[in-house]
Structures are given as structure tokens and as C-alpha cells.
Amino acid sequence: MKRLSLTTAALAVALTAPLAGTAAAESAAYPVKDPKLNANPLYKAGTLPTTACEEPPVKKNDRKLARAYFDAVVACLETTWKKHLTDAGLPYQKVRVKHVDKFPKKYCGYTPEREDSQSWYCDKNRTMAVQIGKSWLKEPSDLWLFYIATSLYGYHVQNLVGIADAYDAVPYDTKAELHEQSRRYALQSDCFAGAFAKSVWPLKGRTAKDWNYLVSLVDGDGPDDERVLGKASSARAWIKRGFAGGDPGSCNTWAASSSKVA
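Note that the structure is predicted; figures quoted are calculated from it, not measured.

Reading guide: rules and limits
- Residues numbered from 1 in each chain as written.
- Predicted model: local features only at pLDDT ≥ 70, side-chain atom pairs only at ≥ 80, totals over all residues.
- Heavy atoms only, no water.
- Helix = DSSP H or I, 4+ residues; strand = E, 2+ residues; numbered from the N terminus.
- Expected span 1.5 Å × (residues − 1).
- Buried < 20%, exposed > 50% of the residue type's maximum accessible area, 1.4 Å probe, protein only.
- Phe/Tyr/Trp six-rings, centres within 6.5 Å; stacked < 30°, edge-to-face > 60°.
- Lys NZ or Arg CZ within 6 Å of the ring centre and 35° of its normal.
- Pairing = 2+ DSSP bridges.
- Disulfide = S-S within 2.5 Å.
- Polar contact = N/O pair within 3.5 Å; in protein donor to acceptor, adjacent residues only side chain to side chain.
- Axes fitted to C-alpha atoms, helices over the stretch in contact; angles between N-to-C directions.
- Left-handed = near helix turned anticlockwise from the far one by under 90°.
- Contact = heavy atoms within 4.5 Å.
- Nonpolar A, V, L, I, M, F, W, Y, C, P; charged D, E, K, R; others polar.

A. Molecular detail of helix α7 (residues 175-200). When the terminal C-alpha atoms of α7 are compared, their 39 Å separation across 26 residues agrees well with the 38 Å that a helix rising 1.5 Å per residue should span. The buried fraction of α7 amounts to 23 of the 26 residues, a majority that puts the element mostly inside the structure.

What follows is the structure, given as C-alpha cells:
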């Protein structure tokens, strides 16, 4: 399963920007040192509150049940993140969810892929748009839809707390620099997904075997892809890092060494 089916419009748009970076005349120090990114108040808000999240039933090739499952996970995400953000005095706004049979040629300013299953987060209208096709319906009980929902919601959290805007604004000088910034952004959403999973774990009927299998499914940039999401090993490491403590503060990819976001 390809992580390329999961992304955000902010990431896609940023990668089409010219190498001049932002309109700023001077480039920021590299690696990124913007306090909104590497010292965001979210990192000091503590662990996510422990809550119960019940998985609805799913069946192979049943799109209606799969969509209901996705929506139920989003409802759990809202419960957890609303409490966490509001208790910390941070902004909160409910995410919008849009299920589509097929994405249009243009959506939120970018061109969706040709894959039968994909999901995108649109920063400007705070919407998670999801196309659940055959590839995601073959084995819907493997927690993959849980991962898609939780990681995609991670982009929503970044949007709410100002990380998305800061990421959009940070300058860069080279394509390699831009791509590393993009990987820091994408890998952070994976880590947030892991932290949320910890806050509701164990899910009823699930074991460590289920979680480990899910982590093994997560892929990264392929050999012919631009290096914008991170290697599979990096994505898995950040998911496990978030899960280890359930603390979004452990997800500061912006302060990590370049080797940690390869």
C-alpha cells in the first residue's frame, strides 16, 4: 500500500513552487529554525487524553461500511483532539469529511492521482476528502483505514496550531532543502497518528500483532518518486515514536536531524 495515496494540498502545492522559495529576500537558516515549527506550543501540551474508540464492523468490498468506519474513527479523533487542544488553550475547529466516488481532475488547487483509493487534506477549507476504492476494500479489517483517517487528521492538527502556515512560509534555497522540509511535514502527521493510536489503545479485539502489522504496511517514497514523504523506515519510525508515549511533543520532526527525516 502506497503512502502516496495520503497527502495534503499544502504539500502538493509547495512542491510546485519555484526554487526562489518564498517572497522573503533572505533565506532562513537551514535546517529549519522557525519557532512556530520547532517550538510550537502543542509540544508542551502533554500526552493525549485516554479515550475509548470503538471500531464499527467492516466487510470486504463493502464501501458503505468502510465509509462508516472512517467516519467513526474521525469522530474519535475529534473527541480526543478537541479536548487536548482546548485544554491547552490552542485553536480547535472540527474537520470536514467528504467521501467521493472519484476525484475530479482538479481538487483544492492540485491534480489528484489516478489511483482507485486516495485521500487528501485541503488546508483552505479544512476538509479531509477520501476516495475508498477496491484496493482499500480488499482487506478493510487490517487497520489501514484507521491509519488513513488518523494520519490525514494529523494534517488538520498542523493546520489548526499554525504549523501548516509556518511550513508554507519558510524559505528554501534548493530542491533538496524543499524536499526535506516536505518530509518533516509529512512525517509529523504520521507521528501524530501514532500518538492518537496510543491514546485509544488497545482497541477492542486488537492486539500488538494488529498494530505491528499495520506499521509494516506503511510505505514511503518509491525509488522513482521525488523524496517528499520519507522512506518507509522513516515513516514507520515516526509512527512508532508517537505510539510509544502518546505525546504529540515527541513528534517535533522540525528539530530532528536530517538522518531522522530521510
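What follows continues from the structure just given.
B. Looking closely at the packing of aromatic side chains. Throughout the structure, instances matching the rule amount to 12 aromatic pairs. Relative to Y147, the ring of W144 has its centre 5.1 Å away and its plane inclined at 45°; by these criteria the two rings are tilted. Taken as a pair, W144 and Y147 lie in helix α5 (residues 144-160) at a separation of 3 residues, close to a single helical turn. Neither W144 nor Y147 differs from the other in exposure class; each is buried. Aromatic rings pair up to connect F103, Y107, Y110 and W120 into one cluster. The ring of F243 carries the charged tip of K198 above its face, separated from the ring centre by 5.2 Å.

C. Local environment of the pairing of strand β3 (residues 118-122). The buried count for β3 comes to 5 of 5 residues, which makes it a mostly enclosed element. Side-chain alternation along β3 places Q118, W120 and C122 on one buried face and S119 and Y121 on a second face that is also buried. The pairing of β3 with strand β4 (residues 127-131) spans 5 bridges and is classified as antiparallel. For S119, the partnering residue across the bridge sits in β4 and is V130. Between the antiparallel neighbours β3 and β4 lie 4 residues, among them R126 with a positive phi of about 50°.

D. Structural view of the state of the cysteines. On inspection of all chains with the given rule, the structure shows 3 disulfides. Residue C53 pairs covalently with C76 via a disulfide, S to S 2.2 Å. What sets the handedness of the C53 and C76 disulfide is the S-S torsion sign, and at about 95° it is right-handed. With a gap of 23 residues between them, C53 in the loop between α2 (35-38) and α3 (63-87) and C76 in helix α3 connect regions that are remote in the sequence. Residue C191 pairs covalently with C251 via a disulfide, S to S 2.1 Å. Disulfide C191-C251: torsion about the S-S bond near -75°, hence left-handed. Of this pair, C191 sits in helix α7 while C251 sits in the segment after α9 (232-245); the two residues are 60 residues apart in sequence, bridging distant segments of the chain. A single burial state applies to C191 and to C251, both of which are buried. Look at the protein and number its bonded cysteines as they come in the sequence; the links are 1-2, 3-4, 5-6.

E. Region of interest: α3. With 25 residues, α3 extends 36 Å between its outermost C-alpha atoms, agreeing within 8% with the 36 Å of an ideal straight helix rising 1.5 Å per residue. Its side-chain oxygen placed 3.3 Å from the backbone nitrogen of K64, D62 serves as the N-cap of α3. Downstream of α3 by one or two residues, G89 has phi in the positive range, about 75°.

F. Local environment of the packing of helix α8 (residues 208-217) against α9. The interhelical angle for the contact between α8 and α9, taken along N-to-C directions, is 150°, at an axis separation of 9 Å. Every pair of crossing elements has a handedness; the one defined by α8 and α9 is right-handed. On α9, the residues touching W211, V215 and S216 of α8 are R236, I239, K240 and F243. Class assignment of the residues belonging to the contact of α8 with α9 gives a composition of 4 nonpolar, 1 polar and 2 charged.

G. Layout of the packing of α3 against α5. Following both chains from N to C, one finds α3 and α5 inclined at 35°, their axes separated by 9 Å at the closest point. As α3 packs across α5, the resulting crossing turns out to be right-handed. Facing α3, whose interface residues are A66, Y69, F70, V73, V74, L77, E78, W81 and L85, α5 presents L145, F146, I148, A149, T150, Y153, V157 and L160. Of the residues assigned to the contact of α3 with α5, the class counts are 15 nonpolar, 1 polar and 1 charged.

H. Spotlight on the environment of T80. Note on placement: T80 falls in helix α3. For T80 and F196, which are 116 residues apart along the polypeptide, the C-alpha to C-alpha distance reads 7.9 Å. Not counting chain neighbours up to four residues away, the residues in contact with T80 comprise L48, P49, T51, F196 and S199.

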